[in-house]
Amino acid sequence: MFQVQANRTKPRGFFQITELIYHSAVREIRKTHRNAVIGLLLNMMQAVILVMVFYVMFEVLGLRGAALRGDFLLYIMSGIFLYITHIKAMGAVLSSEGPASPMMQHAPMNTIVAMAASAISALYTQVLSLFIVLLIYHIAFTPITINDPIGAMAMLLAAWFSGVAVGVVFFALKPWAPALVGIVSSLYSRVNMLASGKMFVANSLPAYMLPFFDWNPLFHAIDQARGYVFLHYNPHFSSPTYPVLVGLVLLMIGLMGEFYTRKHASSSWDAGR
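Residues numbered from 1 in each chain as written. Predicted model: local features only at pLDDT ≥ 70, side-chain atom pairs only at ≥ 80, totals over all residues. Heavy atoms only, no water.

Caption draft 1: Just the overall build of the protein, in detail. Counting its secondary structure elements, the protein contains 8 helices and 0 strands. Relative to its 273 residues, the protein shows a buried fraction of 44%. Partitioning the intrachain contacts of the protein with sequence separation of at least 6 by distance along the chain shows that 75% fall at a separation of at least 24. With an accessible surface of roughly 15,100 Å², the protein has 70% of that area assigned to carbon and sulfur atoms. (Helix = DSSP H or I, 4+ residues; strand = E, 2+ residues; numbered from the N terminus. Buried < 20%, exposed > 50% of the residue type's maximum accessible area, 1.4 Å probe, protein only. Contact = heavy atoms within 4.5 Å. Areas by Shrake-Rupley, 256 points an atom, 1.4 Å probe, with all protein chains shown as cover.)

Here is the structure:
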């Protein structure tokens, strides 16, 4: 493809890439549904249904007494929304345009822009859904109080960032083994239904069970988020920096793998499978 190389300064290049990511993110959001409002409502309903399922499960199993002092539904939502944000971010990055996609033939589009747009669109959708659901619950049912909103939001971003990092690793491996990556990513999502710790807090776990959950960055993010949401909970067995550090390591590994994959990817790969 012939193109004219134009001299551009670094600030101009930065703003061009930022604009490209913005338009790509809008395109990703529009892909969920032709009507943006309906797409947002569908995402909200998914979160609300999951909250209701866990609420009924707690009631049936008699685990409500093991929850923290405070609003019980807020306790459930503090785990559900971080879980959904983490999994949606991972899935969005994994399903973004690959190096052999026709979109990559249009400069300056590249896989980094595609992944960034997918990650930002997932974050936008989840944060907007979170605020609307909490606002409706606050106005229509009972007033809620979050002890440290900034800290709780920081843990939501940590859950999103670690999900993006996991998605980048899967994205780099996807062209080499798409079927296997699909199975592993689905298994990762299912395992996190329990391993994320959204049904309990780390302080309530016996010492011999902590290693089964301590490896998971989402477990740390959810446990720390509950420490910021509730006044009477102080997490002792989780770290607020662990999800960020793990995310940075996985992101670097994933980007190196993606760079190698991009150099060897071919549009004929899918035809040969």
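After presenting the structure, the write-up continues.
Caption draft 2: Here's a closer look at the packing of helix α3 (residues 72-94) against helix α4 (residues 111-140). Where α3 meets α4, the closest approach of the two axes is 8 Å, and the angle between their N-to-C directions is 160 degrees. When the axes of α3 and α4 are compared, the pair comes out roughly antiparallel. Taken as a pair, α3 and α4 cross one another with a handedness that is right-handed. In this structure, α3 uses Leu73, Leu74, Met77, Phe81, Ile84, Thr85, Lys88, Ala89, Ala92 and Val93 to contact α4, whose residues at the interface are Met115, Ser118, Ala119, Ala122, Gln126, Ser129, Leu130, Val133, Leu134 and Tyr137. In terms of residue class, the contact of α3 with α4 is built from 15 nonpolar, 4 polar and 1 charged. (Axes fitted to C-alpha atoms, helices over the stretch in contact; angles between N-to-C directions. Parallel < 35°, antiparallel > 145°, perpendicular 65-115°, else oblique. Left-handed = near helix turned anticlockwise from the far one by under 90°. Nonpolar A, V, L, I, M, F, W, Y, C, P; charged D, E, K, R; others polar.)

Caption draft 3: Seen up close, the packing of helix α5 (residues 149-173) against helix α7 (residues 217-229). Look at α5 against α7: their axes get within 8 Å of each other, and the N-to-C directions meet at 170 degrees. Judged on the interaxial angle alone, α7 and α5 are roughly antiparallel. For the pair α5 and α7, contact is made by Gly151, Ala152, Met155, Ala159 and Ser162 and by Pro217, Leu218, Ala221, Gln224, Ala225, Tyr228 and Val229, respectively. Grouping the amino acids of the contact of α5 with α7 by side-chain chemistry returns 9 nonpolar, 3 polar and no charged.

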